[in-house]
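Next come the chains, spelled out residue by residue.
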Amino acid sequence: MDLYAASPEELEALLGSWGEPRFRTGQLRRWLYERGVASFEAMTDLPASLRRRLGDEASLGTLSVVAEQHSRDGTRKRLYRLATGERIESVLMPYGDGRNTACVSTQAGCAMGCTFCATGQMGFARSLTSAQILEQALRFSGELKAEGKRLSNVVLMGMGEPFHNYEASLDAIRRLMSDLGIGARHITVSTVGLVPQIRRFAAEGLQVGLAVSLHAATDAQRSELMPVNRRWPLAELMAACRDYTEASGRRVTFEWALIEGVNDDVRAARRLARLLRGVPAHVNLIPLNPTRGYGGAPTGSGGAERFVATLAEAHVPATVRVRRGIDIDAGCGQLYASVKA
Ligand code: SAH
Ligand code: SF4
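The numbers attached to residues start from 1 for each chain and follow its sequence in the written order. Chains and ligands are labelled sequentially in the order written, the chains with letters from A and the ligands with numbers from 1. This being a predicted model, a pLDDT of at least 70 is required before a residue's local features are given, and a value of 80 or more before pairs of side-chain atoms are given or counted; all residues contribute to the totals for chains, interfaces and linings. Derived side-chain values reflect all non-hydrogen atoms in the structure, with water molecules and hydrogen atoms excluded from consideration.

Relative to the helices and strands, R78 is located in strand β2 (residues 76-81). At 2.3 Å, the side chain of R78 and the side chain of E68 are in polar contact. Among the polar contacts made by the side chain of R78, one reaches the side chain of Y80 at a distance of 3.2 Å. A run of H or I in DSSP counts as a helix once it spans at least four residues, and a run of E counts as a strand once it spans at least two, with each numbered from the N terminus. Throughout this description, a polar contact denotes any pair of N or O atoms lying within 3.5 Å of each other; where both atoms belong to protein, one of them has to be capable of donating a hydrogen while the other can accept it, and for residues adjacent in sequence the pair is counted only when both atoms sit in side chains.

Here it is as structure tokens:
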């Protein structure tokens, strides 16, 4: 039995069936979530006999580490193997202001087929369970605790499309809030733009941040980069985004990978500004991470500045993101791609 997959009631039933008093459930849950320890031996206020039995009959998660890389900027990137064999990645990004953000995967591979994305190039393998999504955040959270720090933010922005695994992603989000104490406003879910799920998510009434991967402001170009645009074109996507801002009271973040000579000139920036008219928005610009299966190159810093300035003229707030962990393959799906190679 994977303890991270068990509800509080199931934990209580398990311990009760072993003749343990009820308060043990609370004790165990504190070790699992508040401390986030990775072994039963570390649960020092549980009787040794109980720790042994837990070790024999239960497990702390199901992910095993295959590879890990630490970057000079403090970024930690980890490749896990699922019990079923597939690989997934998670990344921890510490920021100078004390925030620690975990980026977690929701699927092994991805079915959406975005041409520039290493995960999309792999194709779809399987969806993660909510416990597997939670476990990625929990591992970082426990490690940070041991260092006297705290996991402050989680983004569902690793491998996979969260809204193509809607139930598990939503359950993981709820558990990040209830089990790890991370506020909704400190959680962001990133989507390729699945319109019905954006609307469904708006109706959940959460204050969770929504990021939408845009990358192009015309249907022709977006459909070329992101096949999903053929099913849910820009007009419908933007309408759903507007509804999300009304339901959540939050701005939507739009992700834009700057690709040299493709979507990074002044005209593209103006088109984007026009598309975002009337939508409370923030644009995140990320110079493309080059991948094996796509020929594009990242826009240089001059081009990125010009893009930001053009958006600013139209009163669209934008930030150029530094590519975290650029020395460690920390683009979506890229650690796996490089380990495999
Ligand atoms: N499937 C979701 C979340 C995972 S991808 C989504 O698409 O939003 C996380 C982000 O990384 C997305 O904004 C995606 O467009 C972006 N991305 C993927 N490959 C990239 C690359 N090679 N360079 C820069 N950004 C990339
Ligand atoms: Fe999937 Fe997101 Fe990559 Fe597109 S960008 S293939 S949706 S992981």
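Throughout, near means a residue has at least one heavy atom within 4 Å of the molecule or strand. In the vicinity of ligand 1 lie 17 residues, with G160, S190, S213, H215 and N289 positioned nearest. Taking S213, its side chain carries an N or O atom lying 2.6 Å from an oxygen atom of ligand 1. At 2.6 Å, a side-chain N or O of H215 approaches an oxygen atom of ligand 1. Coverage of ligand 1 by the protein chains reaches 91% of its 530 Å² of free accessible surface. Where the shell around ligand 1 is concerned, the elements lending two or more residues are β8 (187-191) and β10 (252-258). Note on residue classes: Ala, Val, Leu, Ile, Met, Phe, Trp, Tyr, Cys and Pro are nonpolar, Asp, Glu, Lys and Arg are charged, and everything else, Gly too, is polar. Looking at the shell around ligand 1 residue by residue, the class counts come to 7 nonpolar, 8 polar and 2 charged. Note on areas: these come from Shrake-Rupley sampling with a 1.4 Å probe, and a residue is covered only by the protein chains present in the view.

So, on to the domain arrangement of the chain. If you check the domain split of the chain, you get domain 1 (3-57) and domain 2 (64-328). Across the boundary between the two partners, domain 1 contributes 10 residues, which contact 10 residues of domain 2. With both chains or domains summed, domain 1 and domain 2 bury close to 810 Å², and 50% of this area falls on carbon and sulfur atoms. What makes a salt bridge here is a side-chain nitrogen of Lys or Arg within 4 Å of a carboxyl oxygen of Asp or Glu, nothing more. Summed over the shared surface of domain 1 and domain 2, the number is 1 salt bridge. Of the charged contacts, one joins R29 and D179 as a salt bridge, the two residues approaching to 3.0 Å between their closest N and O atoms. The tally of links between domain 1 and domain 2 comes to 6 residue pairs in polar contact (both at pLDDT 80 or more). Residue ranges for the domains originate in an automatic or database domain assignment. By the convention used here, residues are in contact when the closest approach between their heavy atoms is within 4.5 Å. Here the quantity called buried area is the accessible surface, traced with a 1.4 Å probe, that two parts lose on coming together, added over both.

Here we come to the sheet that holds strand β12 (residues 318-320). Paired through their backbone hydrogen bonds, the strands of a sheet run either parallel or antiparallel. Two strands pair if DSSP finds at least two bridges between them. If you trace the 10 strands from one edge of the open sheet to the other, you get β1-β2-β3-β4-β7-β8-β9-β10-β11-β12, paired in mixed fashion. If you trace the sheet from one side to the other, it starts and ends with β1 (64-70) and β12, each paired once. Averaged over all pairs of adjacent strands, the angle between strand axes in this sheet comes to 20°, irrespective of strand direction. Pairing between strand β11 (residues 281-287) and β12: 3 bridges, direction parallel. Residue pairing in the sheet places L285 in a bridge with V320 of β12. Where helices are involved, their axes are fitted lines through C-alpha atoms of the stretch in contact, as for all axes, and angles between N-to-C directions lie from 0 to 180°.

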